[in-house]
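Each chain, written out:
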Amino acid sequence: MSDSSGWIPVRPGNFNNTSIGLVIPRRMIYGTTMKADLEGQVALVTGAGRGIGRSISLALANAGVHVVLAARTVSQIEAVGREVRASGGTAAAVPTDLSKEQDIISLFSRVRDVHGKLDILVNNAGIGIFGKLIEFSPADFDKIIDVNLKAVFLCCQQAMKLMVGAGSGYIINISSVVGFKGYPNQSVYTASKHGVVGLTKSLAAEAQEHNIRVSVILPGGVDTDLVGKARPDLDRSVLMHPADIANTVLYLLSLSDRAAVDQIYVRRRKSSPF
Ligand SMILES: NC(=O)c1ccc[n+]([C@@H]2O[C@H](COP(=O)([O-])OP(=O)(O)OC[C@H]3O[C@@H](n4cnc5c(N)ncnc54)[C@H](OP(=O)(O)O)[C@@H]3O)[C@@H](O)[C@H]2O)c1
């Protein structure tokens, strides 16, 4: 049985319950399907309080990763932290406004001070403000670029400082189908998501010599609060679930050291191929 977001409800302690001789693999709990040996790793997920970021955080925690949950709405990241702990994982909620450079610096200082390392960064947080370019306000342009692109740049920069020292790491950036396509009323959002792809391409080339992998995921429509604003015309029942993107993250992390994936376009099945 799964809830509307595709996740199977969790009962505390319902996995690895050897006292009754039954071991339910952690990966069954949230409906994710990939198996990656990530036990003991530390991940930072931005925008972890709801939607895609929540799913990615739960999936990583489910794989034994300690997850640092960053977003502005404290009640939401704390709720995700409770979900993680209820299923036997570990997570820490760190209230962060990614449009403020000082918040990003404090977030990474905390990761460095508490954990001394960062294995995985998922730059997931994003906002959408939609409307025709001719009417779009420069103030809204700045708001979108600050969160969707500048914060990704700043988080990558901070993460690289930790990962270069360690000689390993994985940065996964969440762009969008509008990282390579363009739809009406989405010009600035689209520009920000093209920017994430460009930043990822160049950073991947810089990071390679440090044994750090950098990938970008470009999702089509996923059933979250954001898509309701971006595409009110879409029938929500045909949208992907956040867990589809969480599974894509787990897939990337499940590959051997010999493999690297640059970008993945994941679309809802009823949209046009390619
Ligand atoms: N849903 C889709 O169809 C779709 C498709 C392609 C790509 N994407 C991308 O996927 C990512 C996640 O989107 P979603 O659909 O899951 O959206 P969502 O449900 O609206 O979640 C967005 C998350 O980002 C956080 N966030 C927004 N502004 C922030 C700020 N200034 N500082 C810190 N955190 C901030 C939000 O938390 P607070 O508001 O509490 O800060 C929230 O946790 C975004 O980058 C989006 O562009 C989504």
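**Student:** Help me get a handle on the overall build of the chain, residues and values and all.
**Tutor:** When you go through the chain residue by residue, the secondary structure sums to seven helices and seven strands. When the helices and strands of the chain are listed from N to C terminus, the series reads β-α-β-α-β-α-β-α-β-α-β-α-α-β. Counting every position in the chain, which comprises 274 residues, the buried fraction comes to 45%. Long-range contacts, defined here as pairs at least 24 residues apart, represent 68% of the contacts in the chain between residues at least 6 apart.

**Student:** With reference to specific residues and values, describe the packing of helix α1 (residues 51-62) against helix α7 (residues 242-254).
**Tutor:** Two elements in contact, α1 and α7, have axes whose closest approach is 8 Å; the angle formed by their N-to-C orientations is 45 degrees. As far as their axial angle goes, α7 and α1 are oblique. Handedness of the α1/α7 crossing: right-handed. For the pair formed by α1 and α7, the contact residues are Gly51, Ile52, Arg54, Ser55, Ile56 and Ala59 on the first element and Pro242, Ala243, Ile245, Ala246, Val249 and Leu250 on the second. Its residues assigned to classes, the contact of α1 with α7 shows nine nonpolar, two polar and one charged.

**Student:** Tell me about the nonpolar core, residues and numbers included.
**Tutor:** Counting 73 residues, the largest nonpolar core has Ala43, Val45, Val67, Leu69 and Val249 as its most contacted members. Looking at this core, the element that brings in the most residues is helix α4 (residues 138-166), giving 12 residues. Those residues within four positions of Ala43 in sequence are excluded, and the remaining contacts are Leu60, Val65, Val67, Val68, Asp119, Ile120 and Val122.

**Student:** Any details on the environment of Val80? Residues and values, ideally.
**Tutor:** Within the secondary structure, Val80 sits in helix α2 (residues 74-86). Assessed through the 24 C-beta atoms surrounding it within 10 Å, Val80 is described here as buried. For Val80 and Ala92, which are 12 residues apart along the polypeptide, the C-alpha to C-alpha distance reads 9.3 Å.

**Student:** Now, about α1: what can you tell me, with residues and values included?
**Tutor:** The end-to-end C-alpha distance of α1, which contains 12 residues, comes to 17 Å, matching closely the 16 Å that a straight helix rising 1.5 Å per residue would cover. For α1, the buried fraction is high: 12 of the 12 residues fall into the buried class. Within α1, burial applies to Gly51, Ile52, Gly53, Arg54, Ser55, Ile56, Ser57, Leu58, Ala59, Leu60, Ala61 and Asn62.

**Student:** Can you tell me about the site of the ligand, naming the residues and giving the values?
**Tutor:** The full set close to the ligand counts 29 residues, and Gly47, Gly51, Arg72, Thr73 and Gly126 are the nearest of them. Taken together, the elements giving at least two residues each to the shell around the ligand come down to α1 and α6 (225-230).

**Student:** How would you sum up the pairing of strand β4 (residues 120-123)? Please name residues and give values.
**Tutor:** Residues in a regular strand project their side chains so that they alternate between the two faces of the sheet. Residues Ile120 and Val122 of β4 are buried on one face, and the alternating residues Leu121 and Asn123, pointing to the opposite face, are buried as well. Pairing of strand β1 (residues 42-46) with β4, which is carried by three bridges, proceeds in the parallel orientation. What sits directly across from Ala43, in β4, is Ile120. Read from β4 through α4 to strand β5 (residues 169-174), the crossover connection turns out right-handed.

**Student:** Report on the confidence of the model for the chain, specifying residues and quantitative values.
**Tutor:** Looking at the chain, pLDDT values average 89 and 87% of them are 70 or higher. Taken together, the stretch residues 1-30 has pLDDT below 50 and engages in 45 contacts with residues farther than four places along the chain or on a different chain.

**Student:** Any chance you could break down α7 for me, citing the residues and the numbers?
**Tutor:** Under the 1.5 Å per step criterion, the end-to-end length of α7 is 19 Å for 13 residues, consistent within 8% with the ideal 18 Å. Here α7 lies mainly inside the structure; 11 of its 13 residues are buried. At its buried positions, α7 is contacted by α1, β4, β5, β6 (212-219) and β7 (263-266).

**Student:** Go over the environment of Leu234 with me, naming the residues and quoting the values.
**Tutor:** By the element assignment, Leu234 lies in the loop between α6 and α7. In this view, Leu234 contacts Gly221, Val227 and Leu239; residues no more than four positions away in its chain are not counted.

**Student:** Describe the sheet that holds strand β2 (residues 66-71), naming the residues involved and giving the relevant values.
**Tutor:** With parallel pairing, seven strands are arranged side by side in an open sheet as β3-β2-β1-β4-β5-β6-β7. Since the sheet does not close on itself, it has two edges, and those belong to β3 (91-95) and β7, each with one partner. Between one strand axis and the next, the sheet turns by 15 degrees as a mean value, whatever way the strands run. Strand contacts of α1: β1, β2, β3, β4 and β5, with the helix running at about 170 degrees to β1, the strand carrying the most contacts.

**Student:** Which residues make up the packing of α4 against helix α5 (residues 187-207), and what values do they have?
**Tutor:** Axis separation between α4 and α5 bottoms out at 9 Å; the angle between their running directions is 15 degrees. Taken together, the axes of α4 and α5 are roughly parallel relative to one another. Seen along the crossing, α4 lies across α5 with a hand that is right-handed. Residues Asp140, Phe141, Ile144, Ile145, Asn148, Leu149, Val152, Phe153, Cys156 and Met160 of α4 pack against Val188, Tyr189, Ser192, Lys193, Gly195, Val196, Leu199, Leu203 and Ala207 of α5. In the contact of α4 with α5, the residues fall into 14 nonpolar, three polar and two charged.

Quick notes on the rules
Residues numbered from 1 in each chain as written. Predicted model: local features only at pLDDT ≥ 70, side-chain atom pairs only at ≥ 80, totals over all residues. Helix = DSSP H or I, 4+ residues; strand = E, 2+ residues; numbered from the N terminus. Buried ≥ 20, exposed ≤ 12 C-beta atoms within 10 Å, placed from the backbone. Contact = placed C-beta atoms within 7 Å. Axes fitted to C-alpha atoms, helices over the stretch in contact; angles between N-to-C directions. Parallel < 35°, antiparallel > 145°, perpendicular 65-115°, else oblique. Left-handed = near helix turned anticlockwise from the far one by under 90°. Nonpolar A, V, L, I, M, F, W, Y, C, P; charged D, E, K, R; others polar. Core = buried A, V, L, I, M, F, W, Y, C linked by C-beta atoms within 7 Å. Expected span 1.5 Å × (residues − 1). Near = placed C-beta within 6 Å. Pairing = 2+ DSSP bridges. Right-handed = clockwise from strand over helix to strand, strands pointing away. pLDDT = per-residue confidence, 0-100.

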